[in-house]
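Take a look at the letters that make up each chain.
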Amino acid sequence: MPGVTEHEQEQIETANASGKTPVVFVHGLWLLPNSWDRWREVFEGAGYATLSPGWPDDPETVAEAKAEPDAFAHKTVGDVADHYATVIGKLKKKPAIVGHSFGGLLTQILAGRGLGAAAVAIDPAPFRGVLPLPVSALRSASPVLKNPLNRHRAIPLTLDQFKYGFANKLDDGEAKELFETYAVPGSGEPIFQAAAANFNPWSETKVNSKNPKRGPLLIIEGTDDHTVPPAIAKASLKKQRRNESVTEYREFKGRGHSLVIDHGWKDVAEAALVFVQRFAKP
């Protein structure tokens, strides 16, 4: 897999030179690092140094991503987790880690490796041992899971699929705007890995939730999320609460999977910031 990109190295060097506590943002499937741009402004305004690394081979822009969809194929959860671990390993100070969707799963994997000073997992994809599989989650994953060959492909969402999986609580105008601004193809591998996780003892979706060095963790959930319904987030919480570190849960009523990028993103960002500030001072 490719190493740290020039752009990521620049972010690492800027964070290290600042002397500030870093915050590493981890995006999920069907989005790019630009989905965190407004969040980074909020956290930098609070005194943190921020980084938003991509998944390996992520194109720089949404336009490039749509023109080169195959760049997303073959990315496994393990590949992506190791890439973020490499980025974090180059930081002089232990960062807070904030992730959404599959980025929320990756955040928990990284925290379970003891790499974070604090962690916030937003609408997190399930890890091995999380058993609930609501119908809406299956429907959201169906554009990938309906064809076994999709495992090795990059799969784009249609506008209607994006509306169901991400934007079910938004009006059509905002849903279309977010789709055009942020949506990119996603690797099929992680979806198949998550679907088979509880049948595979070697699954890359394992989280070491018992590691005493995991650090404080906040799980944030939108109550109307179709892709990661509350049953999944609460099952993740139940396992994470066995850890001796602080583990908390926050629900946002009436919010869907788009809660990190839609009109209400700032409320979620501020909730994450307040948690990080408690445990990882700037």
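The structure presented is a predicted model; accordingly, all values stated were derived computationally and were not measured. Positions within a chain are numbered from 1, following the residues in the order the chain's sequence is written. Where local features are concerned, this predicted model is filtered to residues with pLDDT of at least 70; where side-chain atom pairs are given and counted, the filter is 80 or more; whole-chain, interface and lining totals use all residues. Based on all heavy atoms of the structure, the side-chain values leave hydrogens and waters out of the count.

1. Regarding the packing of helix α2 (residues 37-45) against helix α11 (residues 265-279)
Part 1: One can describe the packing of α2 onto α11 by two numbers: an axis separation of 10 Å at closest approach and a directional angle of 40°. Regarding the angle of α2 to α11, the classification is oblique. Crossing angle aside, the handedness with which α2 passes α11 is right-handed. Contacts from Arg-38, Trp-39, Val-42 and Phe-43 in α2 reach Trp-265, Lys-266, Val-268, Ala-269, Ala-272, Leu-273 and Val-276 in α11.
Part 2: In the contact of α2 with α11, the residues fall into 9 nonpolar, no polar and 2 charged. An axis is simply a line fitted to the C-alpha atoms; with a helix, the fit covers only the stretch in contact. Between two such axes, the angle follows the N-to-C directions and lies from 0 to 180 degrees. Going along the chain from the N terminus, every DSSP run of H or I of four or more residues is numbered as a helix, and every run of E of two or more is numbered as a strand. In this scheme, roughly parallel covers angles under 35 degrees and roughly antiparallel covers those over 145, while 65 to 115 is roughly perpendicular and the rest are oblique. Helix crossings are classified by the rotation of the near helix relative to the far one: an anticlockwise turn of less than a right angle makes the crossing left-handed, while a clockwise turn makes it right-handed. By the convention used here, residues are in contact when the closest approach between their heavy atoms is within 4.5 Å. In the scheme used here, Gly and all other residues not listed as nonpolar or charged are polar, with Ala, Val, Leu, Ile, Met, Phe, Trp, Tyr, Cys and Pro taken as nonpolar and Asp, Glu, Lys and Arg as charged.

2. Focus: the environment of Pro-216
Part 1: Within the element layout of this structure, Pro-216 appears in the loop between α9 (189-196) and β7 (217-222).
Part 2: Here the term buried applies to any residue with accessible area under 20% of the maximum for its type, exposed to any over 50%, and partly exposed to those in between, with areas from a 1.4 Å probe on protein chains only. Of the residues examined, Pro-216 reaches a relative accessible area of 13% and is grouped as buried.
Part 3: Along the chain, Pro-216 and Gly-45 lie 171 residues apart, while their C-alpha atoms are 22 Å from each other.
Part 4: Ignoring anything within four residues of it in the chain, the contact list for Pro-216 reads Ala-117, Ala-118, Ala-119, Ser-245, Val-246, Phe-275 and Phe-279.

3. Looking at the pattern of salt bridges
Part 1: Definition used for salt bridges: Asp or Glu carboxyl oxygen within 4 Å of a side-chain nitrogen of Lys or Arg. In this structure the tally under the stated criterion is 10 salt bridges.
Part 2: For Lys-75, the salt bridge is made with Asp-57, and the minimal N-O distance between the two is 3.6 Å. Of this pair, Lys-75 sits in the loop between α3 (62-67) and α4 (77-89) while Asp-57 sits in the loop between β2 (49-51) and α3, placing them 18 residues apart in sequence.
Part 3: The partner of Asp-224 in a salt bridge is Lys-169, and the shortest N-O contact between them spans 3.1 Å. Residue Asp-224 is located in the loop between β7 and α10 (230-240), and its partner Lys-169 is located in the loop between α7 (159-165) and α8 (172-182); the two are separated by 55 residues in the primary sequence.

4. Remarks on the nonpolar core
Part 1: Buried Ala, Val, Leu, Ile, Met, Phe, Trp, Tyr and Cys residues that are joined via side-chain atoms within 4.5 Å together make up what is termed a nonpolar core. Trp-39, Phe-43, Phe-102, Val-120, Ile-122 and Ile-220 are the most contacted members of the largest nonpolar core, which has 75 residues in total.
Part 2: Looking at this core element by element, the count peaks at 8 residues for α11.

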